[in-house]
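For reference, the chains in residue letters:
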Amino acid sequence: MDLLPAETSQIAKRHGFRSLKLVNVDMDQPLGEKPFGVEYGVLENGLRYYVRSNSKPKMRAALALAVKAGSVLEEEDERGVAHIVEHLAFSATKKYTNHDIVKFLESIGAEFGACQNAVTSSDDTVYELFVPVDKPELLSQAISVLAEFSTEVRVSTDDLEKERGAVMEEYRGNRNANGRMQDAHWILMMEGSKYADRLPIGMEKVIRTVPPEIVKQFYRKWYHLHNMAVIAVGDFSDTQSVVELIRTHFGPKSLAHDPLPIPHFPVPSHEEPRFSCFVESEAAGSAVMISYKMSVDELKIVKNYKDLLTESMFLYALNQRLFKISRRKDPPFFSCSAAADVLVRPVKAYMITSSCKEKGTIEALESMLIEVARIRLHGFSEREISVVRALLMSEVESAYLERDQMQSTSLRDEYLQHFLRNEPVVGIEYEAQLQKTILPQISALEVSKYSEKLRTSCSCVIKTMEPWATATVDNLKAVVSKISSLEEEQSISPWDDEHIPEEIVSIKPNPGNIVQQLEYSNIEVTEWILSNGMRVCYKRTDFFDDQVLFTGFSYGGLSELPESEYFSCSMGSTIAGEIGVFGYKPSVLMDMLAGKRAEVGTKVGAYMRTFSGDCSPSDLETALQLVYQLFTTDVKPGEEVKIVMQMAEEAVHAQERDPYTAFANRVRELNYGNSYFFRPIRISDLQKVDPLEACQYFNSCFKDPSTFTVVIVGNIDPSIAGPLILQYLGGIPKPPEPVLHFNRDDLRGLPFTFPATVIREVVRSPMVEAQCSVQLCFPVELKNETMMQEIHFVGFLSKLLETKIMQVLRFKHGQIYSAGVSVFLGGNRPSRTGDIRGDISINFSCDPDISSTLVDIALDEILHLQEEGCSDEDVSAVLEIEQRAHENGLQENYYWLDRILRSYQSRVYFGDVGMSFEVQDEGRSKVRELLTPSTAQLALQRILPFPCKKQYTVVILMPRTSPVKLLTSLFQSTDNSYSRKAKILAGVAGVTVFALALWRYSRRGHKS
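Computed from a predicted structure; not experimentally measured.

Peer 1: Provide a residue-level description of the overall build of the protein, including the pertinent values.
Peer 2: Counting its secondary structure elements, the protein contains 34 helices and 24 strands. Taking 1008 residues into account, the globule formula puts the C-alpha radius of gyration at 30 Å, and the protein, at 29 Å, falls close to it. Along the longest, intermediate and shortest principal axes, the C-alpha atoms of the protein span 80 × 75 × 65 Å. Residue burial in the protein is summarised as follows: out of 1008 residues, 60% are buried. By sequence separation, contacts in the protein at least 24 residues apart represent 86% of the contacts at least 6 residues apart. As displayed, the protein has an accessible area near 39,900 Å², and 51% of this comes from carbon and sulfur atoms.

Take a look at the structure:
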């Protein structure tokens, strides 16, 4: 075995941080107003600019135009105009018309949505571009687009009429359960301020009827260069030339009037807490949210930075406790977390959010308030603070190690916050020194004192959300009074810490050895066959100094199970995960991993079992220890099973309340049949689950190392990683008899058959507000003999279809907000022989009244592409977008990990991963060479049914109409104003995700 030493040892890099000098901390020292590491200045017309050279990714630039103008500046008859202006910017300017900006940017590889977008919030509007700069003219053209946004947006009657439909569709998309809950809570939080009445999406009446003059008035009034900044971060040879480009495109601009001062809109504080019990019949579950508003903290001197670190430590420590509570027997909530964020320019908030069982909101609220009161009475322990300190130190260490590999988009966002929020940018080197110096000085007492800011007298808002009313405002007030009394009486006991073992692996395994070593120079990977049969392939990269990724897979999964065992075994991962698949309860393992960056997860799918990890190179041993524990731990059902099953039942009930469930179920049943593999889980199915059988199946899934192939990609030093791989992967014992050992060519396929004719159906669901979603689906069949090329053709064609559907339904007719095209080929078993079947589906939401019409327009467009073909410009744009994505991917560990895994799993793989990789790469290159309007036309005829109108399915979700309304609709048209994209909520945990997202509501705003 030849293990070459690294040219630059990762340990040495680690020492680079650990030898980083501490700084003499003067708490009154200014952090500096000028941002670090950037060309920063102001043009004569008032425009600010930030320009920084950064080569991650290579030959790309992240650009932004930030405008300090958001929805809070709108007058009553302008509510929604800030967002309309943002939409119009991409639609028509002085130089571009009919969404030519979008077409131009896509022609250079900047995909709409991913690389060109904008967001309107309460306080500001930000336009963002991510463009290639490998040709000299591209950067100049991209900056000229931003210059058009700044002063040249065209607001004609025709422009506005074309864009109203897209804006209205976005408005409809907000009127679902999450949107209603967000809006209601925002209004409650901002009560007494203008922010409460200025949601960025605006009012339906304004969107439908606002005249061009009002839109122009807002644009001219607030889009002043003094209120703007241009940020450019990218792979520039020199920054001064970029500054000159900004000067060229923006410098000559001047406005007729002086800039108006940006008004300050205060948000009143209140000593008495506000309460609300929100009932939402379509809610994904029950939830509790507690927020504490306060003025935004200054961040000007070192003391402010220390306060920010102390706040972070408090939130980390509180979250550790809340997580442990959620993992107790009969916990008061399923999940709970705390965070802090700036809501609007003058106000930030601490917020604690939880998801809980039905009728459990009062119990959850009581537990949340008790925990904060417990901290006020008893504080955090020194051990808790040492855990949190290690976590924060690990984070800043990772950032410091990758200081030269930061993404340009991340740096752009830092400078955006400098302009919009006056947040200082001091540079990661100085920030790392500060944290390394200050963190050890912050005591448990200082951290615990932050709980004083979480009193119900501190502008507190308490809200419950339930599918039906069980809690009342009086109940909430009673809980607050009860906890206040307990705290005054000091009747709350101290926190009881769990015992935390020192070592993940108590007895180190005997290392295995390498039976065979192969080198694949074409992709620069090394492959080992270990003595226990495990195959390990590693690729060393220098993309990120502090990242190592790995995935192990084995063939054989849920498709091999009979129906009698399926439901129990399909719950195996969930049940085992709550018990602890690495030999320790999740709450204990969390503390054991404090200060380490190592994560490992598992998945059991239809045809494969996988484990995946992400770690720092210095924590690779810890990550591999977790894998060893995964294979050597026998999970046994315990008290945790009850809470898992309760959460599963809540998720099923949540889906039953969601109007999209019937729609998604019908799509699945129509296109894939009614097999138990595709059928949604019901309560009766959960009642059949045997926890012991579930755990035993999970144990067997990760038992036999000889069936697994592991791919490792990242900054690994073979001289260090090699012995660790041999000890913890090679040391996994091979069982006496094979366990779940399958031949990939003999796996049992999932039963699914696409309908042979045209089927168009309407699914009607009861809804609070009318929603409409469309799924148009075509069968796909790829022949075995041309598979390597056809797979790539499908990828290119799906992007072409998405682009053309957007062009016709949004840009031409203005009736949708967005469209998605997805390809499903995952139902096929991973055999190396036989054809592949699947489908291509087109999804969009729209006004219910015109849904069938839009389906026909989409079908006409696809038929036109099949019969007449597309343009050279269409093909060129698709090729450019794919090429740019490929170039970016080549600089990412995730991309290489995925490509190597696909090479092992390819049907051309017979033991030579290098050859398999090359065949796939050649397939992509060949299709790129072949792709022309005529070959794209032939591929659409070959891969889709031709003509496309002879075989497809359409399912349209519509609101269920009462008999009276149905009769009325025969005589007059009704205005069904709301819709959204089809989305089936994944369970009650989604409520917490929603609740956290709510607090970023104003910053997130609405994207174009």
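Peer 1: Can you break down empty space enclosed by the protein residue by residue, with the values?
Peer 2: Within the structure shown, the criterion is met by four cavities of 30 Å³ or more. Computed from the structure, the largest cavity encloses a volume of approximately 80 Å³. Taken together, Ala317, Gln320, Arg321, Lys324, Arg383, Glu384, Val387, Val388, Trp495, Asp497 and Asp591 form the lining of the largest cavity. Elements with a contribution of two residues or more to the lining of the largest cavity: α10 (302-326) and α12 (382-401).

Peer 1: Give a detailed account of the environment of alanine 432, specifying residues and quantitative values.
Peer 2: Looking at where alanine 432 falls in the secondary structure, it is placed in helix α14 (residues 428-438). Judged by relative accessible area, alanine 432 falls into the buried class, the value being 0%. Taking C-alpha positions, alanine 432 is 6.0 Å from valine 396, a pair spaced 36 residues apart along the chain.

Peer 1: An account of the pattern of salt bridges is requested, with residue identities and associated values reported.
Peer 2: One pass over the structure, following the stated rule, counts 69 salt bridges. Notably, a salt bridge pairs arginine 682 with aspartate 685, separated by 3.7 Å at the nearest N-O pair. Accessibility expressed as a relative area gives 39% for arginine 682, which makes it partly exposed. Its salt-bridge partner being aspartate 860, residue lysine 949 comes within 2.5 Å of it at the nearest N-O pair.

Peer 1: Account for the packing of helix α2 (residues 81-91) against helix α8 (residues 212-222), naming residues and giving values.
Peer 2: Put simply, α2 and α8 touch, their axes get as near as 10 Å, and they point 90 degrees apart. Between α2 and α8, the interaxial angle falls into the category roughly perpendicular. Touching Val81, Ala82, Ile84, Val85 and Leu88 of α2 are Ile214, Val215, Phe218 and Tyr219, all from α8. When grouped by side-chain class, the residues that make up the contact of α2 with α8 number nine nonpolar, no polar and no charged.

Peer 1: Provide a residue-level description of the side chain of glutamine 547, including the pertinent values.
Peer 2: Within the secondary structure, glutamine 547 sits in the loop between β14 (535-540) and β15 (548-555). Among the polar contacts made by the side chain of glutamine 547, one reaches the side chain of asparagine 893 at a distance of 2.7 Å. Excluding residues that lie within four positions of it along the chain, glutamine 547 makes contacts with Glu402, Arg597, Asp614, Cys615, Pro617, Gly714, Asn715, Asn893 and Tyr894.

Peer 1: Residues and numbers for the sheet that holds strand β19 (residues 759-765), please.
Peer 2: Backbone hydrogen bonds hold the strands of a sheet together, and the pairing may be parallel or antiparallel. Reading across from one edge, β19-β23-β20-β22-β21 is the order of the five strands in this open sheet, with mixed pairing throughout. One side of each edge strand has no neighbouring strand; the edge strands of this open sheet are β19 and β21 (819-824). Between one strand axis and the next, the sheet turns through 20 degrees on average, direction left out of account. The sheet contact formed by strand β20 (residues 773-782) and strand β23 (residues 953-959) spans five bridges and is antiparallel. Bridge pairing in β23 places glutamine 775 opposite valine 955. The strands touched by helix α26 (residues 787-812) within the sheet are β20, β21 and β22 (836-845), with β21 carrying the most contacts at an inclination of about 160 degrees.

Peer 1: Describe the packing of aromatic side chains, and please don't skip the residues or the numbers.
Peer 2: As enumerated under the stated definition, the model contains 33 aromatic pairs in all. Measuring from centroid to centroid gives 4.8 Å for tyrosine 40 and tyrosine 50, while their planes differ by 45 degrees, and the two rings are tilted. In this pair, tyrosine 40 is assigned in strand β1 (residues 39-42) and tyrosine 50 in strand β2 (residues 48-53), connecting sequence segments 10 residues apart. Given the relative accessible area of 28%, tyrosine 40 is considered partly exposed. Looking at tyrosine 50, the relative accessible area reads 1%, which means it is buried. Each ring, one from phenylalanine 631 and one from phenylalanine 702, has its centre 6.2 Å from the other, and the planes form 85 degrees; the classification is edge-to-face. With a gap of 71 residues between them, phenylalanine 631 in helix α20 (residues 620-632) and phenylalanine 702 in the loop between α24 (691-701) and β18 (709-714) connect regions that are remote in the sequence. The burial state of phenylalanine 631 is the same as that of phenylalanine 702; both residues are buried. In this structure an aromatic cluster arises from ring pairing among Phe550, Phe611, Phe631, Phe698, Phe702 and Phe708. A cation over a ring is seen here: lysine 68 above phenylalanine 419, with NZ or CZ 4.5 Å from the ring centre.

Peer 1: Provide a residue-level description of the environment of valine 780, including the pertinent values.
Peer 2: Following the sequence through the fold, valine 780 ends up in strand β20. Classification of valine 780 by relative accessible area gives buried; the value is 3%. Sequence separation between valine 780 and valine 823 is 43 residues; the distance between their C-alpha atoms is 8.9 Å. Discounting residues that sit within four places of it in the chain, valine 780 has contacts with Leu825, Ile836, Arg837, Gly838, Asp839, Ile840, Ile943 and Leu944.

Peer 1: Account for the pairing of strand β12 (residues 514-520), with residues named and values stated.
Peer 2: Along a regular strand, successive side chains alternate from one face of the sheet to the other. By the bridge criterion, six bridges tie β12 to strand β13 (residues 525-530) in an arrangement that is antiparallel. Note that in β13 the partner of glutamine 517 across the bridge is tryptophan 528. The antiparallel hairpin formed by β12 and β13 contains four residues in its connecting segment, where glutamate 524 sits at a positive phi of about 55 degrees.

Peer 1: Tell me what's going on with the side chain of arginine 899, and back it up with residues and numbers.
Peer 2: Its place among the elements puts arginine 899 in helix α29 (residues 893-905). What arginine 899 contacts, discounting residues up to four positions off in sequence, is His886, Leu890, Phe917, Gln920 and Asp921.

Peer 1: Go over the nonpolar core, please, and point to the residues and values.
Peer 2: Ranked by size, the top nonpolar core spans 133 residues in total, and within it Leu63, Tyr127, Val131, Phe250 and Phe844 carry the most contacts. Looking at this core, the element that brings in the most residues is α26, giving 13 residues. Residue contacts for phenylalanine 250: discarding those within four places in its chain leaves Leu43, Asn45, Leu47, Leu65, Ile143, Leu146, Ala147, Ser150, Leu225 and Val230.

Rules used throughout
Residue positions are counted from 1 within each chain, in the order its sequence is given. pLDDT decides what is reported in this predicted model: residues at 70 or higher carry local features, side-chain atom pairs at 80 or more are listed and counted, and totals for whole chains, interfaces and linings draw on all residues regardless. With hydrogens and water excluded, all non-hydrogen atoms of the structure serve as input to the side-chain values. Strands here mean DSSP runs of E at least two residues long; helices mean DSSP runs of H or I at least four residues long; both are numbered from the N terminus. Just to be clear, the radius of gyration here is over C-alpha atoms, and the globule rule we use is 2.2 Å times residues to the power 0.38. Here's how the labels work: a residue is buried when its accessible area is under 20% of the maximum for its type, exposed when over 50%, partly exposed in between, all with a 1.4 Å probe on protein chains only. The criterion used for residue contact is that any of the two residues' heavy atoms lie within 4.5 Å. Note that accessible areas follow from Shrake-Rupley with a 1.4 Å probe, and for residues the cover is restricted to the protein chains shown. Grid points spaced at 1 Å and placed over the protein atoms alone form the basis of the search, with a cavity being a set where a 1.4 Å probe fits but cannot get out and a pocket an open set showing protein on both sides within 12 Å along at least five of seven lines. Lining residues have an atom within 4 Å of a point. Grid points are joined across faces, edges and corners, and a volume is the space filled by probe spheres set on the points. One speaks of a salt bridge when a side-chain nitrogen belonging to Lys or Arg is within 4 Å of a carboxyl oxygen belonging to Asp or Glu. Angles run from 0 to 180 degrees between N-to-C directions of axes, and those axes are lines fitted to C-alpha atoms, restricted for helices to the stretch in contact. When an angle is under 35 degrees it counts as roughly parallel; over 145 it counts as roughly antiparallel; between 65 and 115 it counts as roughly perpendicular; any other value is oblique. Polarity classes work like this: nonpolar for Ala, Val, Leu, Ile, Met, Phe, Trp, Tyr, Cys and Pro, charged for Asp, Glu, Lys and Arg, and polar for all others, with Gly in that last group. Distance and chemistry together define a polar contact, namely a pair of N or O atoms within 3.5 Å, with one atom able to donate a hydrogen and the other to accept it when in protein, and with adjacent residues in sequence counting only for side-chain atoms on both sides. In short, DSSP must find at least two bridges between two strands for them to pair. Ring pairs are drawn from Phe, Tyr and Trp, using the six-membered ring of Trp, whenever the two centres fall within 6.5 Å, and their geometry is named by plane angle: stacked under 30 degrees, edge-to-face over 60, tilted for the rest. Should the NZ of a Lys or the CZ of an Arg lie within 6 Å of a ring centre and within 35 degrees of the ring normal, that charge is described as sitting over the ring. Only buried residues count toward a nonpolar core, which is a set of Ala, Val, Leu, Ile, Met, Phe, Trp, Tyr and Cys residues joined through side-chain atoms within 4.5 Å.

Without other data, these values stay purely geometric and don't point to any function.
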